Amino acid sequence: MRLLSGWFRRRYTLLIIPEDSDASSRVRLTIVPFLLAAAAFGLLVASAVILLALRTADALRIQALHKELAESADAYEASLADREQSIALLKSEVLRLTEEAGAVRQKLEELDKLEAEIEAIVEIALPGETNGLASTSAGRKTAVTPLSYDVGVGGENHPVDEDGLAETEGYGSVSLMTSLKDEAELLRARLAAKKEEADRVLDKLRMLPIAWPTDSTRITSEFGLRSDPFTRRLAQHSGIDLGGNSGEPVYAAGGGTVIESDYNRSRGHYIIIEHESGYKSVYMHLRKRLAGAGQKVEQGEKIGLLGSSGRSTGPHLHFEIWKDGQAVDPLPYLQLFKEENS
């Protein structure tokens, strides 16, 4: 301890000699000022190091915030784009629904008009109801419409007394009501029979291959003689080709039973459906078959996907109709269906 205390009290001489003078000066100091100066310098260096570390941390944090802000901005822009797309889709859907609502409203108006016409035909005029005919309810002794003498009238004079008038009027009204009722009942019976017949006809039409088998109605090759696309020679084309995009749906042209669902090099993936009245329909060059042999299908049911398998130059459906074992032109059948549903 004494040694340390003596070390602090020991004095040192600092000699200062200027370059342009011979005179020199001396300063006598203890070690304490040097220690204080060293401590101050160390503190300054430590402070600088700490400030540098803090600035570096702040810079890293600011960089991370900038990156997070950029990611948030990108996410917001993507969300905004998705929202705008969703709004556009909703607007399109609303427009489509509005158009469909207008079409439905028009159909309802047509049905209302048709219903009014039918009601006007089959309505039964009952006694006591206001329907344009004279009423013969109690308390009214006459239903004769007064004549207007401002226009030309004439004829023989056959007077009728009050009793005869009442009797004739009552008989005529009852006879008219009975006749109208009988005619209305007959009309109702005829309409019911016509409806049953129409239902039978519609059921039969649903079993015939007359519906378009594709959404596309673009015919790329017709029925009959044509130049074969591979040999360039004249050949018989036993169906029609309907152009479309690969993967589009193919529908059953009529209800029936799938008797073949297979693949070969010429037809590619193909399906044959047997219908009523000796009809068959054939669907060739499919990309995929969705109906198997023995399966019952209905008219308009999806049975495959349009493609270009087998002997084909591009995506299309080769469609055939056979009647009693002979290929017939499918176009008149499809045009008939189109006219019936237009």
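Residues numbered from 1 in each chain as written. Predicted model: local features only at pLDDT ≥ 70, side-chain atom pairs only at ≥ 80, totals over all residues. Heavy atoms only, no water.

Draft legend 1. Fine view of the nonpolar core. Membership of the largest hydrophobic core comes to 23 residues, with the highest contact counts inside it found for I271, I273, Y283, I303 and F319. Of all elements in the fold, only β6 (240–243), β9 (268–274), β10 (279–289), β12 (302–306), β13 (316–323) and α4 (331–340) reach the threshold of two or more residues within this core. Look past the residues within four positions of I271 in its chain and what remains in contact with it is V258, E260, S261, S281, V282, Y283, L286, R289, A291 and I303. (Core = buried A, V, L, I, M, F, W, Y, C linked by side-chain atoms within 4.5 Å. Buried < 20%, exposed > 50% of the residue type's maximum accessible area, 1.4 Å probe, protein only. Helix = DSSP H or I, 4+ residues; strand = E, 2+ residues; numbered from the N terminus. Contact = heavy atoms within 4.5 Å.)

Draft legend 2. Molecular detail of the pattern of salt bridges. Within this structure, the stated rule accounts for 4 salt bridges. With a closest N to O distance of 3.3 Å, D241 and R226 form a salt bridge. Of this pair, D241 sits in strand β6 while R226 sits in strand β4 (residues 224–227); the two residues are 15 residues apart in sequence, bridging distant segments of the chain. For D241, a relative accessible area of 7% gives the class buried. Accessibility expressed as a relative area gives 23% for R226, which makes it partly exposed. Note that D324 is salt-bridged to K323, the shortest N-O span being 3.9 Å. Exposure remark for D324: the relative accessible area of 61% places this residue in the exposed category. Residue K323 is classed as partly exposed on the basis of its relative accessible area, which comes to 26%. (Salt bridge = Lys/Arg side-chain N within 4 Å of Asp/Glu carboxyl O.)

Draft legend 3. Spotlight on the side chain of H318. Inspection of the secondary structure puts H318 in strand β13. Polar contacts involving the side chain of H318 include one to the side chain of D241, which spans 3.0 Å. Setting aside its immediate chain neighbours within four residues, H318 contacts H237, S238, G239, I240, D241, V282, Y283, M284 and H285. (Polar contact = N/O pair within 3.5 Å; in protein donor to acceptor, adjacent residues only side chain to side chain.)

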